[in-house]
Amino acid sequence: MAKTVKTMKALVVYEKGKYVLEENYPVPELKRGEVLIKIEACGVCASDIKNWHGAEGYWGDGTSEPWVKTPFIPGHEFVGEVVEVSEGYEGDVNVGDRVTGEQIVPCGECMFCQTGKYWMCDKADIFGFREHVNGAMAEYMVLPAKTRIYQIPKGLELEKAVLIEPYSCAKHAVDRADISNTDVVVLSGVGTLGLAMVNYARLRNPKTLVAVDMMDDRLEIAKRFGADIVLNPAKCNIEEEIKSLTKGYGCDIYIEATGHPSSVQQGLDSIRKLGRFIEFSVFGQKVSVDWSVIGDGKELDILGSHLGPYCFDVVTDWIADNTIDTDGVVTHTFGLDRWQDAFEQNAKGEGSLKVIIKP
Ligand SMILES: [Zn+2]
Ligand SMILES: [Zn+2]
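Residues numbered from 1 in each chain as written. Chains lettered and ligands numbered in written order. Predicted model: local features only at pLDDT ≥ 70, side-chain atom pairs only at ≥ 80, totals over all residues. Heavy atoms only, no water.

Asker: I'm lost on the coordination of the zinc ion (ligand 2) in this one. Help?
Answerer: Any two of four tetrahedral donors ideally make an angle of 109.5 degrees at the metal, while pairs among six octahedral donors ideally make 90 or 180 degrees. Around the zinc ion (ligand 2), the protein contributes the donor atoms Cys107 (SG), Cys110 (SG), Cys113 (SG) and Cys121 (SG), which lie 2.3 to 2.4 Å from the metal centre. For the zinc ion (ligand 2), the 4 donor atoms in the first shell make angles of 101 to 118° at the metal, so the coordination geometry reads as tetrahedral. Owing to a relative accessible area of 13%, Cys107 belongs among the buried residues under this scheme. (Donors = N, O, S within 2.8 Å, 3.2 Å for Na, K, Ca; no water. Tetrahedral: all angles 85-135°; square planar, octahedral: opposite > 155°, others 65-115°. Buried < 20%, exposed > 50% of the residue type's maximum accessible area, 1.4 Å probe, protein only.)

Asker: Please clarify how the domain arrangement of the protein chain should be interpreted in this entry.
Answerer: It is common to give the size of an interface as the accessible area that goes away when the parts come together. For the protein chain, the assigned domains read domain 1 (7-163 + 329-358) and domain 2 (170-304). With 14 residues of domain 1 in contact, the opposing surface of domain 2 contributes 15 residues. Between domain 1 and domain 2, the buried area comes to about 980 Å², and carbon and sulfur atoms account for 61% of it. Its largest share of buried area at the contact with domain 2, domain 1 owes to Lys50, Val329 and Leu353, together 47% of the area lost on that side. If you look at where domain 1 meets domain 2, you find 1 salt bridge. Between Glu56 and Lys286 there is a salt bridge whose closest N-O contact spans 3.4 Å. Our count for the contact surface shared by domain 1 and domain 2 stands at 5 residue pairs in polar contact (both at pLDDT 80 or more). (Domains from an automatic or database assignment. Contact = heavy atoms within 4.5 Å. Buried area = accessible area lost by both parts, 1.4 Å probe. Salt bridge = Lys/Arg side-chain N within 4 Å of Asp/Glu carboxyl O. Polar contact = N/O pair within 3.5 Å; in protein donor to acceptor, adjacent residues only side chain to side chain.)

Asker: Would you mind going over empty space enclosed by the protein with me for this structure?
Answerer: Using a probe with the size of a water molecule, rolled over the atoms, empty space left in the structure can be pinpointed. Tallied over the full model, the rule gives 1 cavity of 30 Å³ or more. If you go around the largest cavity, the residues you meet are Glu102, Gln103, Ile104, Glu165, Leu307, Gly308 and Phe312. Here the residues of the lining of the largest cavity are counted per class, giving 3 nonpolar, 2 polar and 2 charged. (1 Å grid on protein atoms, 1.4 Å probe; cavity = no way out; pocket = protein on both sides within 12 Å on 5 of 7 lines; lining within 4 Å. Points joined across faces, edges and corners; volume = space filled by probe spheres on them. Nonpolar A, V, L, I, M, F, W, Y, C, P; charged D, E, K, R; others polar.)

Asker: Mind showing me how you'd approach the side chain of Thr100 here?
Answerer: As for its placement among the helices and strands, Thr100 is situated in strand β5 (residues 98-101). Looking at Thr100, the relative accessible area reads 1%, which means it is buried. A distance of 2.7 Å separates a polar atom in the side chain of Thr100 from the backbone oxygen of Phe78. (Helix = DSSP H or I, 4+ residues; strand = E, 2+ residues; numbered from the N terminus.)

Asker: Is there a simple way to think about the side chain of Glu165 in this case?
Answerer: If you trace the backbone, Glu165 turns up in helix α5 (residues 164-177). Buried within the structure, Glu165 lacks any salt-bridge partner; its nearest side chain of opposite charge belongs to Lys354, at an N-O separation of 6.8 Å. Once residues within four sequence positions are removed from consideration, Glu165 is found in contact with His76, Glu77, Gly101, Gln103 and Phe312. (Lys, Arg positive; Asp, Glu negative; His and termini not counted.)

Asker: Help me understand the state of the cysteines in this model?
Answerer: The term disulfide refers to a covalent linkage connecting the sulfur atoms of a pair of cysteines. Following the criterion strictly, the structure yields 0 disulfides and no others. Of all cysteine sulfurs in the structure, the one in Cys45 sits closest to Cys42, which takes part in no disulfide; the separation is 9.4 Å. Considering cysteine sulfurs only, Cys236 is the nearest to Cys251, which forms no disulfide, with 14 Å between them. (Disulfide = S-S within 2.5 Å.)

Asker: Just to check I follow, could you spell out the layout of surface pockets for this structure?
Answerer: Of the pockets and cavities examined, the second largest pocket occupies roughly 610 Å³. Along the wall of the second largest pocket there are 26 residues; nearest its centre are Lys31, Glu34, His132, Val133 and Pro144. Sorting the residues of the lining of the second largest pocket by element identifies β2 (18-26) and β6 (140-143) as the ones contributing at least two each. Residue contributions to the lining of the second largest pocket peak at 3 residues, all from β6. Among the residues making up the lining of the second largest pocket, the classes are represented as 16 nonpolar, 2 polar and 8 charged.

Asker: What should I look at first to understand the environment of Phe283 in this one?
Answerer: With respect to the secondary-structure elements, Phe283 resides in the loop between β12 (271-279) and β13 (301-304). Through-space distance from the C-alpha of Phe283 to that of Ile356 is 22 Å; in sequence the pair is 73 residues apart.

Asker: Hey, could you run me through α5 in this one?
Answerer: The terminal C-alpha atoms of α5, which comprises 14 residues, lie 20 Å apart, in line with the 20 Å expected from a rise of 1.5 Å per residue. Across the 14 residues that make up α5, a large majority, 12, are buried. By the burial criterion, the buried members of α5 are Ile164, Glu165, Pro166, Tyr167, Ser168, Cys169, Ala170, Lys171, His172, Ala173, Val174 and Ala177. Downstream of α5 by a residue or two, Asp178 has a phi angle that is positive, lying close to 50°. (Expected span 1.5 Å × (residues − 1).)

Structure representation (structure tokens):
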């Protein structure tokens, strides 16, 4: 198929802290099996902000190789329209389809991919952090041949469609928590992802669902989305509150979704013996805690959660039929020219949840 577009507007990261809005960045020639999409919108993720702020996990500590590979285009929470499908493409999308895709492009060959655990692919090619898997803060984006692409109904509002990726990650975290109807569940951090987790945790029908956040406006939405109790650590002692709810034992499950070290300590203090601690966040700094609480102190199950595998189809259905709530989650929309305002708004957090960029 003839190549239709040569250049595009794109936000390009050249080095740590050097983000440039390019007006005429080349659109690469499609290779065999690739798909080109025209971006409708892209959400700004907390990981984009941590990357922008130069987090060590992405850029290394000066002695190690950076995990990112420059120059790259950020953005992985995308909605777009297929404008070109190359020779040899084996999937089922066609020109004109409205699509999104999972953030990781699995290699298909490593031990994890070969055993169905593709989201932990050893190559870790994640959209928006590396040159060969450029992201969606641009007019166009190339989806490599192994991208897991999903159809989005044409009529689904953009403010809902753009939440499919983050809501999928949230579902996976809640699935990891394996909540039952006798559990007291504490969800620490109700930004976009945490609010989605409130939705999914509610579907699991826990005994009590507690949402914790420093921002009261977010806690109000958490209540609307199904939290039984909301607590602000700026106004009360979380450990005491949780223990008073649980005859002094502590919560059964603690889901950490703030990315702040203090929330990790708060969780280890508030959780009961033999409890389950789910870590979802990406941290901008190292976390120090007394590790002995995990073994000798409480014999905890510590579980991690990464991305949203095997979730996209059902999440799309549930967002579309309002099984899960999205009202009020997208708070700001910026043009790509104002990417910096979008990033700053997201970083500030105050008065905003999901910030999206439209090229
Ligand atoms: Zn993300
Ligand atoms: Zn792999």
